[in-house]
Amino acid sequence: MLALLATACGTQSPTASPSSGPTVTEPSPAPSPTPEPTPPPLRSGPDRLGLELVTGTFTLPTGVTNAGDGSRRLFVVERGGRIWIVNRDGTVAPMPFLDIASRIVSSGEQGLLGLAFHPRYAETGRFFVAYTRQPDGADVVAEYRVSSAADTADPASERILLAIPDPAANHNGGALVFGPDRLLYIALGDGGGQNDQFGNAQNLNSLLGKILRIDVNAPRSSGRVYAIPADNPFASGGGAPEIWAIGMRNPWRISFDRAWHDLYIGDVGGGNWEEIDRQPAEAAGGLNYGWPIMEGRHCLAGSCTMTGYVQPIAEYSHDLGCSVIGGYVYRGAVQPELQGVYVFGDWCSGRIFTLDVDGETITPKTVLESGLQVSSFGEDEAGEIYLVDFAGGGLYRIVVPG
């Protein structure tokens, strides 16, 4: 079993300055007042949720997000390689924001899979996509820039950050998000096959089966077109320096809680269990989420040593679905009943779930049988939650009935 990287908290020695006078001992600072207890970051929320159709014009949508530029527009990603703008009034722009269909292999789990806008997109015009490349199926993360026309991007502006060989067509991950630290987080599957047959998820020299963390703002590191954050767990050696978390199967969607900054991961399971993982905001990198030793809270081979692996905060069996779609903690203002509620779903069953919080016990709660093929969730600038229906092409807003 791989040992986890322990992050040591060192003590910094004060720097002495020359002085002709006696040494003066500074008085110790007064103790800080004990902080008031904070409420738990998650709430159970209402027993039922509903969907409000925004528009239904997309072809095999795989994602929805906002640009954070004050425009209040949404951007919908299609598997085939196009990104479309949905205006504030729900109308869809007549031309795609970006069309890179010719660069993408698109079938099954392959295609245009992720989109994240730079935190200063309004100033920089930079955004990032994840896709599987034509013809070799490599997992690519690339940067693009908006063109002089604000509603279109320049396909010729592509700058490839990562092109990772992938041994199979499935388990590509593809989620991209900027964290509260303004670093880019990249979720990648284990490369496919059965039970991580290629041995990537626990291999510290492989980027597959991981969540990566890179800096696209600082001066680039040697041999790369991005920088490695100094506090990444393997920045100084012992593994690929891009790695932030290990032991993932297919983390299809990840998100940060706007209020608490915890990282939520929906990791698609194998034959039996789907899981939601949470990394607290204060946790260091290098956490191991257990795949393929663990599936959910269970040993994949029937028995194992669970020590050193992070347990999911919630799981559900394949009686309720077969492929978890990670969601978001609601932090909008329009629906106060949803405040602090994590909303997610399942691709196979179309169920929409929240997390039912009872003390330290957290269990999925079905709040809607949608009948849709839910492929992704997203937020608008105000924190309202949306989803896209892969089969039907619809974009929906999550609402509280009544």
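Once a new chain begins, its residue numbering starts again from 1 and follows that chain's sequence as written. With pLDDT at 70 or above as the cut-off, local features in this predicted model cover only qualifying residues; side-chain atom pairs require 80 or more to be listed or tallied, and sums for whole chains, interfaces and linings still use all residues. To obtain the side-chain values, all non-hydrogen atoms of the structure were used and water was disregarded.

Our next topic: the overall build of the chain. On a plain count of helices and strands, the chain comes out with one helix and 27 strands. Here the C-alpha radius of gyration of the chain, 22 Å, is about what a compact globule of 402 residues would show, namely 21 Å. The C-alpha extent of the chain, read off along each of the three principal axes, is 75 × 50 × 45 Å. Contacts in the chain between residues at least 24 apart in sequence constitute 56% of all its contacts with a sequence separation of at least 6. Roughly 17,600 Å² of accessible area belongs to the chain as shown, and the carbon and sulfur atoms make up 52% of that amount. Treating the 27 positive side-chain charges of the chain as one cloud and the 44 negative ones as another, the clouds have centres 6 Å apart. Runs of E in the DSSP output that reach at least two residues are strands. Runs of H or I that reach at least four are helices, and both are numbered from the N terminus. Here the globule rule reads 2.2 Å times residues to the power 0.38, and the radius of gyration is calculated from C-alpha atoms. Two residues qualify as a contact provided that any one of their heavy atoms is within 4.5 Å of a heavy atom in the partner residue. Here the open area of atoms and residues is found with the Shrake-Rupley method and a 1.4 Å probe, where only the protein chains shown may cover a residue. The sign given to each residue is positive for Lys and Arg and negative for Asp and Glu; His and the chain ends receive no count. Every charge is mapped onto a representative atom, which is NZ of Lys, CZ of Arg, CG of Asp or CD of Glu.

Looking at where Gly173 falls in the secondary structure, it is placed in the loop between strand S9 (153-164) and strand S10 (176-178). Placed 34 residues apart in sequence, Gly173 and Asp139 show a C-alpha to C-alpha distance of 9.0 Å. Excluding residues that lie within four positions of it along the chain, Gly173 makes contacts with Leu113, Ala187, Leu188, Gly189, Asn250, Pro251 and Trp252.

Spatially, S6-S7-S8-S9 is the arrangement adopted by the four strands of the open sheet, whose pairing is antiparallel. Across the chains shown, the open sheet's two edge strands, defined by having one partner strand only, are strand S6 (112-117) and S9. Across the sheet, the axes of successive neighbouring strands diverge by a mean angle of 25 degrees, strand direction being ignored. The criterion for strand pairing is that DSSP finds at least two bridges linking the strands in question. Structural elements are reduced to axes, namely lines fitted to C-alpha atoms, with helices fitted over the stretch in contact, and the angle between N-to-C directions of any two is expressed from 0 to 180 degrees.

Attention now goes to the pairing of strand S8 (residues 139-146). When a residue's accessible area, from a 1.4 Å probe over protein chains only, is under 20% of the maximum for its type it is buried; when over 50% it is exposed; and in between it is partly exposed. Along S8, six of the eight residues are buried, which leaves the element largely enclosed by surrounding structure. Across seven bridges, strand S7 (residues 126-132) lies against S8 in antiparallel orientation. Each residue of the ladder has a partner; that of Val129, found in S8, is Ala142. Hairpin connection from S7 to S8: six residues lie between these consecutive antiparallel strands, with Gly137 at a positive phi of about 75 degrees. Between S8 and the antiparallel strand that follows it, S9, lie six residues.

All right, on to the packing of aromatic side chains then. For Phe, Tyr and Trp, where Trp contributes only its six-membered ring, two rings pair if their centres lie within 6.5 Å, and the inter-plane angle classes them as stacked under 30 degrees, edge-to-face over 60, or tilted in between. For the structure shown, the criterion picks out 15 aromatic pairs. Plain terms: the ring middles of Phe97 and Phe117 are 6.2 Å apart, the flat faces sit at 45 degrees to each other, and that makes the pair tilted. In this pair, Phe97 is assigned in the loop between strand S4 (82-86) and strand S5 (98-99) and Phe117 in strand S6, connecting sequence segments 20 residues apart. Judged by its relative accessible area of 1%, Phe97 is buried.

Let us now look at the pattern of salt bridges. Just to be clear on terms, a salt bridge is a Lys or Arg side-chain nitrogen sitting within 4 Å of an Asp or Glu carboxyl oxygen. The full count for this structure, using the stated rule, is 17 salt bridges. For Asp99, the salt bridge identified is with Arg82, shortest N-O distance 3.1 Å. Placement of Asp99 in strand S5 and of Arg82 in strand S4 is noted, with a sequence separation of 17 residues between them. Take Asp99: its relative accessible area is 33%, and that puts it in the partly exposed class. A relative accessible area of 30% means that Arg82 is categorised as partly exposed.

Criterion for a disulfide: a pair of cysteine sulfur atoms within 2.5 Å. In the structure shown here, the tally under the stated rule is two disulfides. At a sulfur-sulfur separation of 2.0 Å, the disulfide partner of Cys299 is Cys304. The S-S bond linking Cys299 to Cys304 shows a torsion near -75 degrees; that makes this disulfide left-handed. What pairs with Cys322 in a disulfide is Cys348, and their sulfur atoms sit 1.7 Å apart. Handedness here is read from the sign of the S-S torsion; for Cys322 and Cys348, about -45 degrees, the answer is left-handed. Of this pair, Cys322 sits in the loop between strand S20 (314-317) and strand S21 (324-329) while Cys348 sits in the loop between strand S22 (342-346) and strand S23 (351-358), and the two are 26 residues apart along the sequence. Owing to a relative accessible area of 32%, Cys322 belongs among the partly exposed residues under this scheme. Looking at Cys348, the relative accessible area reads 39%, which means it is partly exposed.

Paired through backbone hydrogen bonds, the strands of a sheet run either parallel or antiparallel to each other. Strand order in the open sheet made by the four strands is S21-S22-S23-S24, with antiparallel pairing throughout. With partners counted over all chains shown, the strands left at the sheet margins are S21 and strand S24 (361-369), one partner each. When strand polarity is set aside, the average angle formed by the axes of neighbouring strands in this sheet is 30 degrees.

This part covers the environment of Gly359. Turning to its location among the elements, Gly359 is positioned in the loop between S23 and S24. Exposure remark for Gly359: the relative accessible area of 64% places this residue in the exposed category. A C-alpha to C-alpha distance of 45 Å links Gly359 and Arg133, two positions 226 residues apart in sequence.

Cis geometry marks the peptide bond from Gln134 to Pro135, where omega comes out at 5 degrees. Mapped onto the elements of the fold, Pro135 is located in the loop between S7 and S8. Between Trp291 and the following residue, Pro292, the backbone shows a cis peptide bond with an omega angle of 5 degrees. Position of Pro292 relative to the elements: it lies in the loop between strand S17 (287-288) and strand S18 (294-295). One non-glycine residue, Leu60, lies in the positive phi region at around 50 degrees. Within the chain, His171 stands out as a residue other than glycine whose phi angle is a positive 55 degrees. By the element assignment, His171 lies in the loop between S9 and S10.

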